[in-house]
Structures are given as C-alpha cells and as structure tokens.
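# Observations on the model geometry
Given next are the chains, with one letter for each unit.
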Amino acid sequence: MKTDVQKAVEVDAYILKASGLIKEKRGYNALLNLLQSGTLMNERLGMPDTMELCKILIHLKFDYEFIANGVKLTENAKVNYYNTVMYPPKAEASPERIYQNKHDRRLSVGKEERGTRHWGNQIMAAKKDSE
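Figured I'd write up the structure that's included with this text. (Residues numbered from 1 in each chain as written. Predicted model: local features only at pLDDT ≥ 70, side-chain atom pairs only at ≥ 80, totals over all residues. Heavy atoms only, no water.)

This paragraph deals with the overall build of the protein chain. If you tally the helices and strands in the protein chain, you get seven helices and three strands. When the elements of the protein chain are put in sequence order from the N terminus, they spell out α-α-β-α-α-β-β-α-α-α. For the protein chain, the residues scored as buried account for 27% of the 131 residues in total. Restricting to contacts in the protein chain with at least 6 residues of sequence separation, those with at least 24 account for 44%. (Helix = DSSP H or I, 4+ residues; strand = E, 2+ residues; numbered from the N terminus. Buried < 20%, exposed > 50% of the residue type's maximum accessible area, 1.4 Å probe, protein only. Contact = heavy atoms within 4.5 Å.)

Further remarks concern the environment of Ser37. Within the secondary structure, Ser37 sits in helix α2 (residues 26-37). Measuring from C-alpha to C-alpha, the distance between Ser37 and Lys72 comes to 9.0 Å, with 35 residues separating the pair along the chain. Engagement of the side chain of Ser37 in a polar contact is seen with the backbone oxygen of Asn33, the distance being 2.8 Å. At a separation of 3.0 Å, a polar atom in the side chain of Ser37 contacts the main-chain carbonyl oxygen of Thr39. (Polar contact = N/O pair within 3.5 Å; in protein donor to acceptor, adjacent residues only side chain to side chain.)

A separate point is the pattern of salt bridges. Throughout the structure, instances matching the rule amount to four salt bridges. Glu10 is paired through a salt bridge with Lys2; the nearest N and O atoms lie 2.5 Å apart. Owing to a relative accessible area of 37%, Lys2 belongs among the partly exposed residues under this scheme. One salt bridge in this structure joins Lys78 and Asp12, with 2.9 Å as the shortest N-O distance. Here the residue Lys78 occupies a position in helix α5 (residues 77-86), and Asp12 occupies one in helix α1 (residues 4-19), the gap between them amounting to 66 residues. For the pair Lys78 and Asp12, a shared accessibility class is recorded, and that class is buried. (Salt bridge = Lys/Arg side-chain N within 4 Å of Asp/Glu carboxyl O.)

So, on to the environment of Ala8. Inspection of the secondary structure puts Ala8 in helix α1. Taking the C-alpha atoms as reference points, Ala8 and Asn80, 72 residues apart in sequence, are found 9.7 Å from one another.

All right, on to the nonpolar core then. Counting 22 residues, the largest nonpolar core has Val11, Ile15, Leu31, Phe62 and Tyr81 as the members making the most contacts within it. Elements with a contribution of two residues or more to this core: α1, α2, α4 (47-59), β3 (70-73) and α5. The element best represented in this core is α2, accounting for five residues. (Core = buried A, V, L, I, M, F, W, Y, C linked by side-chain atoms within 4.5 Å.)

See the structure below:
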C-alpha cells in the first residue's frame, strides 16, 4: 500500500507527462511549481497563460480552485486524482449479468412458449386477419 506522499509523487509525474508541455518551456515550469507548492500566482505566467494552464488541468480532470490573483490545488487533490482517475475502483460484476450455463446465454426471441404463439406467427396471423 502506497503512502499519500508516494501517491503525490506519482501523480506529479503523471500530470507533467500527460500535460504535453515541453520541459524547457515556462508553462511546464509553472505547472511543476503549481504541483510542488500548491499555488500558482498570475504574475508567473500572466492571466491568459494561466487560463490556458487551467484548461489543461480541466482536460486532465485535476482539481483546483481560483484564489485572488492565482490558482490553488484543492485539499487532497493529488490523492483524489490518484484514487479516482489514475487507479479508479474496479466495478463489481452484477449478479444479473453472470450467466449460469450455455442455455442462459441463448436469446429466447421467437421461441414458442406453452399456450402462446410464436411472434412471427402472430404477425402472419395479423396480416391474414386484415386481408
């Protein structure tokens, strides 16, 4: 079981790689600063570029919030991202979808039951009745 610190380090690496930003560019460094410190002030990139960085965070489904003159990660954003996006809980198979044998997997469409007519026969009988 990984600790929250190990999860945060893994999330940082994942976000930086998934962002598609180039390492030597200021956007990458700003994102790295946001992930390490938890806040990014608008003076670092300017308001338009900060909004572009927020679009990347939205696309990656990473939680953040706006503060006065900047952006801040929400509380436990990295752990939540790790648990919900990177490694979501596996859905349990519902018992209704589990088939017991080959007969259960066959579709019973068109099969005649006792006391009823085959659906194809019903259509043909309706046509004959209308003529």
